[in-house]
Amino acid sequence: MKNNKIISQALLIFFILLIFISISFGVPLSSRTPLSRDGESSDYLDRIEVIDPSKVYQTPIEYPTVQQPSFENTMDSILNLLNSFEGFVGMELRNLSSNQVLLSFNEDKLFTPASLSKIITALISLESLGTNYRFETQVFRSSPITSNYNGNIYIKGFGNPVLSSDEYKYILKKATVDQGITKLYGNIVFDYSFLTEEGFGRGWMWDDPQPQIASINIWMSSHESLKYKTNGEIKDYLNFLTTVYLQELGVSFLGAIEYDVVPFSASSIYTHYSVPLKEIIKTMLETSDNQIAEQLFRNLGAIYGKGTISDSEKYFKQKIDEILGYKPSQYVLKDGCGLSKYNLLSPKMINDAVLYLYKEALCQYLGWDFLKSRSITIFTLIFML
């Protein structure tokens, strides 16, 4: 038994040594030299040349060169297309940095500019009022405030173009809850006297989504919500919001809603201010907002006139002459948003306005300094079929 055990251990050690020798002196699996197959000559191994991959030369692929047309040829092609166009078309291509006109065609002719009119509105508004101008909405009281208030609350608007429904609710809160009023027995009186001519613009088409302009107005981003509504219906909407918001604020409103001017004897309660004009202009241009643009147009007629559309037109003509040097005989501008079919502007005039905004208002006023560091080309193209 003892001898059998010794023999078993000796065999085990022998096999372990055999395995170790095979691993140490056998052909490694990772060798680059291929193993010969049974019956195959290994002479070819001497003829194999191992090449360093980094020294392998790859022939580059040659692509056919495309001849790019010259700038002059491109401009000539565009002019040929414009000349053959079956309609009335005008355009001007201009470099903003150098003011060099690169291409023009009927650039002095008059066309219906549509929303390009907003460029003129932005220019006149910024030059007239400055970037930090804020539109006010004022609240007054007719008598000393008590919790059960028997006097009137007056709300006078000055054409805030971006007065939201949430902001209007805040105005009502400042006028009632923050004053300690829980029951309002008197009336809420709206003063719309800032603008003496409200409603639709001149030359607007009946089937366009049209904003209704008023001294106190709720800004709506969707123009469709205003479509086909009269100025009276817009005021009714503000009356509706007033009663709903007072109820939500916990104020019992037992009076009526009226329209009148604020009496001199009334005392100020609160003044709400819009965001700065530069933010209003930026929103107007980025979204092409008709309500903002037309409200600004009307506001300027009230600030520098008596609040009629004619006052707005007169003021715009004066400023356009001062800033751009265009006389009223060279264009027609009847609104600030571009809905009017009476408007007539030339591509050259629009580009002159854009150039002025680029060099003065947009960069200096709105803080768009990145425009200054780039060579930008402006392109105005208007069709009249």
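Residues numbered from 1 in each chain as written. Predicted model: local features only at pLDDT ≥ 70, side-chain atom pairs only at ≥ 80, totals over all residues. Heavy atoms only, no water.

Caption draft 1: Geometry of the side chain of S125. Relative to the helices and strands, S125 resides in helix α3 (residues 117-129). With near-sequence residues (within four places) excluded, S125 lies in contact with G130, L277, I281, L296 and L300. (Helix = DSSP H or I, 4+ residues; strand = E, 2+ residues; numbered from the N terminus. Contact = heavy atoms within 4.5 Å.)

Caption draft 2: Main features of unusual backbone geometry. Positive phi values are uncommon outside glycine, yet N106 reaches one of about 55 degrees. Relative to the helices and strands, N106 is located in the loop between β2 (101-105) and α3. Of note in the backbone geometry, S288 takes a positive phi value of approximately 50 degrees without being a glycine. Within the secondary structure layout, S288 lies in the loop between α6 (277-287) and α7 (290-303). Overall, the relative accessible area of 30% leaves S288 in the partly exposed class. (Buried < 20%, exposed > 50% of the residue type's maximum accessible area, 1.4 Å probe, protein only.)

Caption draft 3: Region of interest: the packing of helix α4 (residues 165-175) against helix α5 (residues 231-248). Look at α4 against α5: their axes get within 10 Å of each other, and the N-to-C directions meet at 60 degrees. With respect to α5, the axis of α4 lies oblique. α4 and α5 meet at a crossing whose hand is right-handed. Counted together, S165, Y168, K169 and L172 of α4 and L238, L241, T242, Y245, L246 and E248 of α5 form the full contact between these two elements. Taken together, the residues of the contact of α4 with α5 sort by class into six nonpolar, two polar and two charged. (Axes fitted to C-alpha atoms, helices over the stretch in contact; angles between N-to-C directions. Parallel < 35°, antiparallel > 145°, perpendicular 65-115°, else oblique. Left-handed = near helix turned anticlockwise from the far one by under 90°. Nonpolar A, V, L, I, M, F, W, Y, C, P; charged D, E, K, R; others polar.)

Caption draft 4: Just the sheet that holds strand β4 (residues 148-149), in detail. One open sheet holds the three strands; their spatial order is β4-β6-β8, and the pairing between them is parallel. Bordering the open sheet on either side are β4 and β8 (252-253), each of which pairs with just one other strand. Relative to strand β6 (residues 183-184), β4 runs parallel, the two being bridged by two bridges. Bridge pairing links N148 to K183 in β6. (Pairing = 2+ DSSP bridges.)

Caption draft 5: Here's a closer look at the nonpolar core. I120, I124, L277, F316 and I320 are the most contacted members of the largest nonpolar core, which has 39 residues in total. Those elements that place two or more of their residues in this core are α3, α6, α7, α8 (309-324) and α9 (347-365). Leave out the neighbours within four places in its chain, and I120 touches F316, I320, L324, L333, L345, M349 and A353. Counting 25 residues, the second-largest nonpolar core is a separate cluster that includes V139, I181, I216 and I218. (Core = buried A, V, L, I, M, F, W, Y, C linked by side-chain atoms within 4.5 Å.)

Caption draft 6: Region of the structure containing the pairing of β2. Strand direction decides the pairing type here: strand β1 (residues 88-95) and β2, joined by four bridges, are antiparallel. From the neighbouring strand, E92 faces β2, where its bridge partner is S104. Counted along the chain from β1 to the antiparallel partner β2, the turn is five residues long, and its residue N99 has a positive phi close to 60 degrees.

Caption draft 7: View of the sheet that holds strand β7 (residues 188-191). Strand order in the open sheet formed by five strands is β9-β7-β5-β3-β10, with mixed pairing between adjacent strands. What marks the edges here is a single partner per strand, and that holds for β9 (257-259) and β10 (267-273). Strand-to-strand twist across the sheet, computed as the mean angle between neighbouring axes with direction ignored, equals 20 degrees. With three bridges connecting them, β7 and β9 associate as parallel partners. Each residue of the ladder has a partner; that of V189, found in β9, is E258. Relative to the sheet, α4 contacts β3 (136-141), β5 (153-157), β7 and β10, its axis offset from that of β10 by approximately 155 degrees.

Caption draft 8: The arrangement of α6 in detail. Turning to α6, its buried residues number three or more, namely L277, I280, I281 and M284. For α6, the buried positions fall inside an angular range of 95 degrees around the axis, keeping them on one side. For α6, the exposed residues set more than 90 degrees away from the buried face come down to E286 and T287. If you follow the buried residues of α6, they end up packed against α3 and α7. At the C-terminal side of α6, S288 shows a positive phi close to 50 degrees. (Arc of directions from axis to C-beta.)

Caption draft 9: Representation of the pattern of salt bridges in the model. Evaluated as defined, the whole model comprises 13 salt bridges. Linked by salt bridges that have partners in common, E92, R94, K348 and D352 make up one network. (Salt bridge = Lys/Arg side-chain N within 4 Å of Asp/Glu carboxyl O.)

Caption draft 10: Layout of the environment of G255. Along the chain, G255 turns up in the loop between β8 and β9. Sequence-distant contacts of G255, that is, excluding residues within four places in its chain, are made with L184, Y185, G186 and N187.

Caption draft 11: Looking closely at empty space enclosed by the protein. On inspection of all chains with the given rule, the structure shows one cavity of 30 Å³ or more. Estimates place the volume of the largest cavity at around 50 Å³. Surrounding the largest cavity, ten residues form its lining, N217, I218, I234, Y237 and L238 being those nearest its centre. Across the lining of the largest cavity, the residue classes break down as eight nonpolar, one polar and one charged. (1 Å grid on protein atoms, 1.4 Å probe; cavity = no way out; pocket = protein on both sides within 12 Å on 5 of 7 lines; lining within 4 Å. Points joined across faces, edges and corners; volume = space filled by probe spheres on them.)

Caption draft 12: View of α4. For α4, every residue scored as buried is listed here: Y168, I171, L172 and A175. Angular distribution of buried residues about the axis of α4 spans 95 degrees; they occupy a single face of the element. Packed against the buried residues of α4 are β3, β5, β7, α5 and β10.

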